[in-house]
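Report on the structure
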Amino acid sequence: MPLPRVIPLTLAVCAVWAHPGAQGASQDIEHKIQRGDTLEALSAHYLGTPMLWPRLQAHNHVADVRRLQPGATLRIPMQLLPRGMAQASFVQGQVNVTAPEGGPTSSVKAGQSLPEGARLQVGSADSFVTVRLADGTLIRVRADTDLRLQLLRRRGRAGSAQSVLELQRGSVETSVPPNGAGERRLEIHTPKASTSVRGTRFAVILPGDERTLTAVTEGRVMVTSPKSAAATMVDAGQGLAVAADGQPSTPRTLLPAPDLSGLPDTVHDADFLTLALTPVTAAVAYQVQLARDADLTEVVRDETFTGPSVRLRAVEDGSYHLAVRAIDSGDLPGRVATRVIAVKAHPIAPLYQTPTRGSTVSRAQGKLLCTQVSGSARYRIQVAGDASFAAPVLDEVHAPDCSAQVAALPPGSYYWRAASIRALPDGRDDQGPYGPGEPFTVADNPAALNVATLQESADGSGLHLRWTGEPGQGYRLQLADSEDFSNLIIDERLTSPEWSNSGLAPGHYYVRIQVRNPSGLESEFSTPRRVRTFAAVRTGAGDPVTSSDGRPLSRP
């Protein structure tokens with residue numbers, strides 16, 4: 001697909017070359033003639049060979065090549081300079097390059113050379129490429145960007161770079177090393193603007209509504225436009241928007257850098273990198289980048305969020321440089337705040353099985369149990385009296401199971417957490433992050449029921465049992481026809497310390513009772529107690545015979 005025609009206006013940063021006018025008329029280097037200059041010498045100096053001096057003569061309409069006028073201006077066409085190359089120094093995600101003049105399209109690889117005329121198309125969702133020009137200038141190309149390397153030339157055989165880039169969609173951030181000699185030239189053209197720079201750092205953004213935005217971090221940008229009679233200087237810390245009709249706005253101060261001091265030094269989430277930014281007044285969005293280097297040339301995550309809550313896709317464990325900019329209502333990114341942040345999420349923490357949050361475990365029988373993690377050989381389990389784990393009362397490493405006993409802990413309230421440990425190729429242990437601390441309680445099991453408190457009565461209406469209990473306790477009663485309880489007749493849970501049954505056949509039975517506390521802990525079963533039921537006395541008509549007090553009579 002052909003690129004649309006570029007209609008630039010000029011944004012210049014301390015430039016010393018002839019800037020393109022409102023319609024981009026000039027692509028020449030201007031040289032002020034000094035005494036002793038010759039066309040051959042100037043051709044060798046600028047064009048890398050003395051053989052092109054006739055082209056300089058023709059371009060400048062020089063009548064007598066032996067009589068160059070000192071102080072006059074000689075124009076060196078950029079197109080005559082030797083071709084240079086750029087390099088894709090870092091590539092993240094999907095980045096395609098189309099060869100010059102409609103050549104084939106292929107994926108860009110890190111270290112790949114990029115020729116003049118190459119077109120870079122950067123995909124979405126964290127795709128990113130950093131292009132290094134011959135003079136060390138870095139072009140950081142963000143996701144969803146279309147950029148063409150229109151002109152890559154150098155001054156002389158090994159001279160400073162002379163580069164022109166065309167930005168058709170998306171955004172780039174450029175850092176240009178200082179050049180005291182003033183021989184470097186870099187221009188970034190958009191359909192509405194052109195930036196000519198030396199020794200500065202700035203961003204050019206096409207927000208998709210035919211505007212061109214420029215935000216300056218270092219250096220100065222001078223903006224001229226057919227709609228403006230005078231040039232406008234934009235200083236570091238300022239930004240400017242060029243409207244769809246070419247009219248530049250008044251420069252305004254960029255939003256301040258966000259405060260990142262409240263962020264954690266290390267994050268542990270294996271699925272996402274979640275951060276809570278301190279809000280910036282007047283910000284409508286936040287640009288967040290995560291890079292491997294301090295100069296932000298190896299960006300692995302790059303997203304914009306409409307609020308201070310950040311949720312990036314997970315990255316590999318390691319140390320990263322976080323860069324955050326607040327974006328104002330005009331879509332201009334503000335000053336950048338950076339800090340180092342570590343990611344340590346592997347091996348992942350095990351999942352907790354028991355105890356569940358807030359539950360109670362038996363001091364004698366309970367244990368802490370978690371799942372095994374693939375690739376982990378051991379597990380570290382800690383117990384502390386508070387959620388900070390500042391002074392663990394239990395700190396143990398177990399293998400191969402993820403479990404620990406609590407018998408050594410006095411009854412009370414605690415928190416527990418666990419981490420996985422894997423072996424590195426060199427034999428060293430690599431412990432992952434702890435899972436979140438979970439509260440639980442350790443308690444002693446209730447005492448077994450004292451069968452001496454068991455009150456038994458049996459008559460023609462059935463078997464009746466009562467015993468001494470405490471408020472909130474529950475009970476489990478089992479009845480069997482043998483002392484070993486191998487054949488259970490009754491297995492019933494009760495909420496009060498009493499039990500009756502009118503359906504038992506006359507005879508001898510064995511009963512035992514288990515006590516259950518409100519926490520869920522249970523005692524041992526009580527010693528088995530032998531009980532007996534009797535048959536009711538009935539009339540010839542089948543009705544029960546009762547005593548004078550109304551109780552049914554029974555017989556052994």
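The rules we used
Residues numbered from 1 in each chain as written. Predicted model: local features only at pLDDT ≥ 70, side-chain atom pairs only at ≥ 80, totals over all residues. Heavy atoms only, no water. Disulfide = S-S within 2.5 Å. Helix = DSSP H or I, 4+ residues; strand = E, 2+ residues; numbered from the N terminus. Buried < 20%, exposed > 50% of the residue type's maximum accessible area, 1.4 Å probe, protein only. Salt bridge = Lys/Arg side-chain N within 4 Å of Asp/Glu carboxyl O. Pairing = 2+ DSSP bridges. Arc of directions from axis to C-beta. Contact = heavy atoms within 4.5 Å.

The tally for this structure, following the rule as stated, stands at one disulfide. Here Cys370 engages in a disulfide with Cys402; their sulfurs sit 1.8 Å apart. Negative torsions about the S-S bond denote left-handed disulfides, and the value of about -70° found for Cys370 with Cys402 makes this one left-handed. Of this pair, Cys370 sits in strand S30 (residues 367–370) while Cys402 sits in strand S33 (residues 402–405); the two residues are 32 residues apart in sequence, bridging distant segments of the chain. We note that Cys370, like Cys402, is buried.

The subject of this paragraph is the pattern of salt bridges. Working definition: two side chains of opposite charge can pair if their charged atoms are close together. This model, assessed by the stated rule, comprises 34 salt bridges. For Glu456, the salt bridge goes to Arg529, with nearest N and O atoms at 3.8 Å. Note that Glu456 is positioned in strand S37 (residues 455–459) and Arg529 in strand S43 (residues 529–533), a separation of 73 residues in sequence. Connected through salt bridges with shared partners, the residues Arg140, Glu173, Arg201, Asp295 and Arg325 form a single ionic network.

Before going further, it helps to spend a moment on the sheet that holds strand S23 (residues 285–291). One open sheet holds the five strands; their spatial order is S21-S27-S26-S23-S24, and the pairing between them is mixed. Single-partner strands in this sheet number two, and they are strand S21 (266–267) and strand S24 (299–305). Sheet topology note: the strand S26 (residues 318–327)/strand S27 (residues 333–343) ladder contains nine bridges and is antiparallel. Bridge pairing in S27 places Arg325 opposite Val336.

A word on helix H1 (residues 39–47). Since there are 3.6 residues in each turn of an α-helix, residues three or four apart along the chain are aligned in direction. Listed in full, the buried residues belonging to H1 are Leu39, Leu42, Ser43, Tyr46 and Leu47. Each buried residue of H1 sits inside an arc of 105° when the element is viewed along its axis, so together they form one side. Taken together, the buried residues of H1 touch strand S2 (28–32), helix H2 (53–60), strand S3 (73–77) and strand S11 (145–154). In the stretch just after H1, Gly48 is the one whose phi turns positive, near 80°.

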